[in-house]
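Chain residues, written in single-letter form:
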Amino acid sequence: MPILLLFIFLSCAHVVHAETAESSNAPSNAPVTASASAAPVSRATGGGNGLIDAADMPAGLDDAAQVDFYCLRRAYPQITGMTTDAQGQWLVFNDGRRVLYDAAPGAAPSTGPQASEWVVSVRTSMAEPYPLEPQRPDTPLGVSPGRRRSYDLLQALYGSTPKAVGGHLVQARLLGQHLHLSPAAAQAMNRANAHLAPQAAQEPRLKTLLKMDGGFAWRRIAGENRLSPHAFGIAFDISPGIATYWRWSKLRPHPLQQSYPSAIVEAFENEGFIWGGKWHEYDLMHFEYRPEIICKARVWQGLEPLPNNDAPKNLAQPAVSAVPVAPSGEATAPADASAAPSVSQ
């Protein structure tokens, strides 16, 4: 009997080993799907794998479109290509879906009846230069880099209903506080938290500006009809009692647009978040995961090369100028920020 049991055990082990070896050596014909929780491998480029070379770039793109496509792929690996037809240029996803990047001249607006100054095409949403820290240029009327959004792209990336978006949210943390964001945004926040936590320990006054007030919320922007980026799980607000919103304040510009601690803004920008303090319609509490915009800013400033190692020849450089920024923790609450509502962008 012991010999018989030993023979059965060895036979089963051989079969399992053979099936495992066959499975590991077989080619995969399954369609590749984007993992919503894929971790970024390089700063400020979102969920991309960083493995983009010249062969991945579509032919015939102008300089701006080359940078846009590069940064969109770096940020969102589920975007795999670009195609052109009579309607315009389309971003192609790995599951076959398409999002209109830029409408052809004379074609119907890509954003449909919701088109406005703020509901725009993917190309327009990326067109305005975002100034990276320590740059804090003036924000006259019309200057709001990143506040114009392609809702077609946001819905394709994150979902178009509360259930679709909410089903993929994961927990993020900031100085021991928890909230729910989309997976890539949550991972980016956790990396920023790892950078900010020791700074906040050394500069306790930073903590007053790092009080979490909300992440995912299916709602509209305060005072407007369009969905907030909070509805897609890519935005969070911190310390609204200090860092206020343009509709709640009479100050134009607001002093915190210059004095808000650079340590906080830089930590989040390095992980793909833009700051609403760099908008004319300022939202000082608001950080939004837009890694494609941060990537483009880095390319513009020569901090990240394109795959062919050549800077675009005809891409206009953003007109930004560095201004003094307050040291960590020196921001103070303005007199008009004491009784603000807690919902903005």
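As a starting point, this report considers the structure included with it. It should be emphasised that the depicted structure is a prediction, and the values quoted were computed from it without experimental measurement.

1. Comments concerning the packing of aromatic side chains
The relative placement of two aromatic rings is captured by the distance of their centres and the angle of their planes. Per the counting criterion, the structure on display carries 13 aromatic pairs. Relative to Phe232, the ring of Trp218 has its centre 6.3 Å away and its plane inclined at 65°; by these criteria the two rings are edge-to-face. Highlighted residues: Trp218 in the loop between β6 (212-214) and β7 (235-238) and Phe232 in the loop between β6 and β7, separated in sequence by 14 residues. Given the relative accessible area of 0%, Phe232 is considered buried. On the basis of an interplanar angle of 35° and a centroid distance of 4.8 Å, the ring pair of Tyr260 and Trp275 is categorised as tilted. Of this pair, Tyr260 sits in the loop between α7 (256-259) and α8 (262-269) while Trp275 sits in strand β8 (residues 273-275), placing them 15 residues apart in sequence.

2. Details of the packing of helix α6 (residues 183-202) against α8
Two packed helices can be described by the angle between their axes and the distance between those axes. It is the contact of α6 with α8, at a shortest axis distance of 9 Å, that shows an interaxial angle of 160°. With respect to α8, the element α6 is oriented roughly antiparallel. Crossing handedness for the pair α6 and α8: right-handed. Across from Ala192, His195, Leu196 and Gln199 in α6, the residues of α8 making contact are Ala263, Ile264, Ala267 and Phe268. Partitioning the contact of α6 with α8 into residue classes produces six nonpolar, two polar and no charged.

Definitions and limits used
- Residues numbered from 1 in each chain as written.
- Predicted model: local features only at pLDDT ≥ 70, side-chain atom pairs only at ≥ 80, totals over all residues.
- Heavy atoms only, no water.
- Phe/Tyr/Trp six-rings, centres within 6.5 Å; stacked < 30°, edge-to-face > 60°.
- Helix = DSSP H or I, 4+ residues; strand = E, 2+ residues; numbered from the N terminus.
- Buried < 20%, exposed > 50% of the residue type's maximum accessible area, 1.4 Å probe, protein only.
- Axes fitted to C-alpha atoms, helices over the stretch in contact; angles between N-to-C directions.
- Parallel < 35°, antiparallel > 145°, perpendicular 65-115°, else oblique.
- Left-handed = near helix turned anticlockwise from the far one by under 90°.
- Contact = heavy atoms within 4.5 Å.
- Nonpolar A, V, L, I, M, F, W, Y, C, P; charged D, E, K, R; others polar.

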